[in-house]
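Chain and residue survey
For reference, the chains in residue letters:
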Amino acid sequence: MNPFHYENGILHAEEIDLPSLAEKYGTPCYVYSEAALIESYRAYSEAFSSREHLVCYAVKANSNLAILNLFARLGCGFDIVSGGELERVLAAGGDPDKVVFSGVGKRADEIRMALEAGILCFNVESEAELYRIMEVARQAGKKANISFRVNPNVDAGTHPYISTGLRQNKFGIPHDEALRLYRIAHQSEHLHILGIDCHIGSQLTEIPPFVEALEKILLLVAALEKEGIHLSHIDVGGGVGIRYSDENPPEIGEYAKALLEKLEGRKQKILLEPGRSLVGNAGILLTRIEYLKHGEEKNFAIVDCAMNDLMRPALYDAHHDIVAVKQREGKMEIYEVVGPVCETGDFLGRERSLVAAQGDLLAILSAGAYGMSMSSNYNTRPRAAEILVSGKTAHLVRERESVGHLIALERIP
Ligand code: LLP
């Protein structure tokens, strides 16, 4: 199924044409397809259906309540990295019993809140954090469920900013420290060891690094068993990469098959923390061309969205395909697609061939993951609206911000 497709030369989201959405809700706006969200969730749950498993959606990829609510209704769990994300999951009707809490800097108040809510497990990322969780659990008179996030020192072959499983990264506990820390946790009356986990990076387009990381984790699982420490789950971390343009990421089925082969004979439940692959290609950013500017060396299409709306190109030099919403006849030209923000790094796409005119709508594709969730108000730009399309129905799932929202917390002394 292609949730975003042309009909009579006009780009549609499911059964709604994008110009009518732009008309009704204005631009820029994020548009998500409910069918695409459901399909990607099902691809994971079916691929792992032969085993007891739990998909914990990485909330950071897109934390809109409507999306969290949809996943919760499908039976999905959540991977969170802050107390704020926990509050979102709860507000969206998510089940705390299906929440894992990752992240290297959990504050005591966040740990307390998660304990009170009764989350499934803390993914512990350092020895100091282990002691803090122990102490907070003691004060609360509770037992905290934990898993250690082990850094397997595997090269994910992805952008250095989103590679997390190398020795030099800040994430997880070193592989050769793991046994010692598990022993400490095993002794504590305030901790209950539940599992082990790893996450080596995002936008992985090859299967071997996932398998290599899992192999290293399984060595530890075996070593722990010898010491009488039995785990009830193995969390394999984030999901596969997506196709932005010409990448060839593995199918979810292939990825699952490779992992399930390694896990054969193991009785542990499998946890997964995919983010990007659940939402990335289920969303686009709809924007309008404000001006065409023919510079001395380059042509610019200046659009009404900017790096504050979609930061990935500016931050990672990431590529998103950009297409005209209405296909038109005319001269194809090469444009730098840029926003109104006062920075040369404010670009959405470089050297794009477009037949374009002032006032035309463009769609920036594959923008469902790490788009809105990384947006900011830089240049006092209110954040875009978000729309969830389901067949012929469009739901406004986040209103466009106003400047009033932006200045509401500020005070002139
Ligand atoms: N689990 C943990 C502990 C993570 O840190 C992440 C992502 C995930 C799961 C989800 O990984 P995914 O399935 O999405 O690959 N802002 C960057 C991506 C940062 C990813 C950080 N961690 C981007 O726009 O490419």
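None of the values given here were measured: they were computed from a predicted structure.

Glancing now at the overall build of the protein chain. From N to C terminus, the protein chain includes 12 helices and 21 strands. Its C-alpha atoms give the protein chain a radius of gyration of 23 Å, near enough to 22 Å, the size a compact globule of 413 residues would have. Over its C-alpha atoms, taken along the principal directions, the protein chain stretches across nearly 70 × 55 × 40 Å. Expressed as a percentage of its 413 residues, the buried residues of the protein chain come to 54%. When contacts within the protein chain are restricted to residue pairs at least 6 apart in sequence, long-range pairs at least 24 apart make up 69% of them. Total accessible area on the protein chain is roughly 18200 Å²; 49% of this is exposed by carbon and sulfur atoms.

Below, the discussion takes up the site of the ligand. In the region of the ligand, 19 residues are neighbours, and S202, E273, R312, Y316 and Y370 sit closest. A distance of 2.8 Å is found between an oxygen atom of the ligand and a backbone nitrogen or oxygen belonging to R276. One of the side-chain N or O atoms of R312 is found 2.6 Å from an oxygen atom in the ligand. The cavity where the ligand resides is the second largest pocket. In terms of residue class, the shell around the ligand is built from 6 nonpolar, 7 polar and 6 charged. The residue makeup of the shell around the ligand includes at least three contributed by each of domain 1 (4-32 + 280-407) and domain 2 (34-276).

Quick look at the domain arrangement of the protein chain now. Domain annotation of the protein chain identifies domain 1 (4-32 + 280-407) and domain 2 (34-276). On the side of domain 2, 20 residues touch domain 1, which itself brings 23 residues to the contact. Across the interface of domain 1 and domain 2, roughly 1900 Å² is buried in total on both sides, 54% from carbon and sulfur atoms. Contact with domain 2 buries area across many residues of domain 1, yet Y316, Y370 and L388 alone supply 29% of it, more than any other trio.

The axes of two packed helices give the description: the angle between them and the distance between them. Where helix α2 (residues 34-47) meets helix α9 (residues 252-263), the closest approach of the two axes is 9 Å, and the angle between their N-to-C directions is 30°. Here α9 runs roughly parallel to α2, going by the angle between their axes. Note that α2 runs across α9; the crossing there is right-handed. Residues A43, Y44 and A47 of α2 form the contact with α9, whose own contacting residues are I252, G253, Y255, A256 and L260. Partitioned by chemical class, the residues of the contact of α2 with α9 number 7 nonpolar, 1 polar and no charged.

A complete count under the given rule lists 21 salt bridges for this structure. Note that R381 is salt-bridged to D309, the shortest N-O span being 3.1 Å. A residue pair is termed long-range when its members are at least 10 positions apart, and R381 in the loop between β19 (361-364) and β20 (385-390) and D309 in the loop between β15 (299-303) and α11 (312-316) qualify at 72 residues. We note a salt bridge from E401 to R383, for which the minimum N-O separation is 3.1 Å. On the criterion of sequence distance, the pair formed by E401 in the loop between β21 (393-398) and α12 (403-407) and R383 in the loop between β19 and β20 is long-range, its members being 18 residues apart. One network of salt bridges, in which partners are shared, links R107, D109 and E110.

Rules of the game
- Per chain, residue numbering runs from 1 following the sequence as it is written.
- The predicted nature of this model means local features are confined to residues of pLDDT at least 70 and side-chain atom pairs, given and counted, to a pLDDT of 80 or more, with totals for whole chains, interfaces and linings taken over all residues.
- With hydrogens and water set aside, each side-chain value is computed from the structure's full complement of heavy atoms.
- Counting from the N terminus, the helices are the DSSP runs of H or I reaching at least four residues and the strands are the DSSP runs of E reaching at least two.
- As a reference, a globule follows 2.2 Å times the number of residues to the power 0.38, and the radius of gyration itself is taken over C-alpha atoms.
- When accessible area is computed with a 1.4 Å probe and restricted to protein chains, residues below 20% of their type maximum are described as buried, those above 50% as exposed, and intermediate ones as partly exposed.
- We call two residues in contact when some of their heavy atoms are within 4.5 Å.
- Note on areas: Shrake-Rupley, 1.4 Å probe, and residue coverage restricted to the protein chains presented here.
- The cutoff for a nearby residue is simple: one of its non-hydrogen atoms must lie within 4 Å of the molecule or strand.
- Definition of a polar contact: a pair of N or O atoms within 3.5 Å, with one able to donate and the other able to accept a hydrogen when the atoms are protein atoms, and with sequence-neighbouring residues admitted only if both atoms are side-chain atoms.
- The distinction between a cavity and a pocket rests on a 1 Å grid over the protein atoms alone: a 1.4 Å probe fits inside a cavity but cannot get out, while a pocket stays open yet meets protein on both sides within 12 Å along at least five of seven lines, and a residue with an atom within 4 Å of a point counts as lining.
- Cavities and pockets are treated as containing a molecule whenever more than half of the molecule's atoms lie within 2 Å of their grid points.
- All amino acids are sorted into three groups, where Ala, Val, Leu, Ile, Met, Phe, Trp, Tyr, Cys and Pro are nonpolar, Asp, Glu, Lys and Arg are charged, and the leftover types, Gly among them, are polar.
- Either an automatic procedure or a domain database provided the assignment from which the domain bounds are taken.
- Joining two parts hides part of their accessible area as seen by a 1.4 Å probe, and the buried area is that hidden amount summed over both.
- Fitted lines through C-alpha atoms give the axes, limited to the stretch in contact for helices. The angle between two N-to-C directions lies from 0 to 180 degrees.
- Comment on the angle field: the value is read as roughly parallel under 35 degrees, roughly antiparallel over 145, roughly perpendicular from 65 to 115, and oblique elsewhere.
- The sense of a crossing depends on the near helix, which, turned anticlockwise from the far helix by less than a right angle, makes the crossing left-handed and, turned clockwise, makes it right-handed.
- Here, a salt bridge means any Lys or Arg side-chain nitrogen found within 4 Å of an Asp or Glu carboxyl oxygen.

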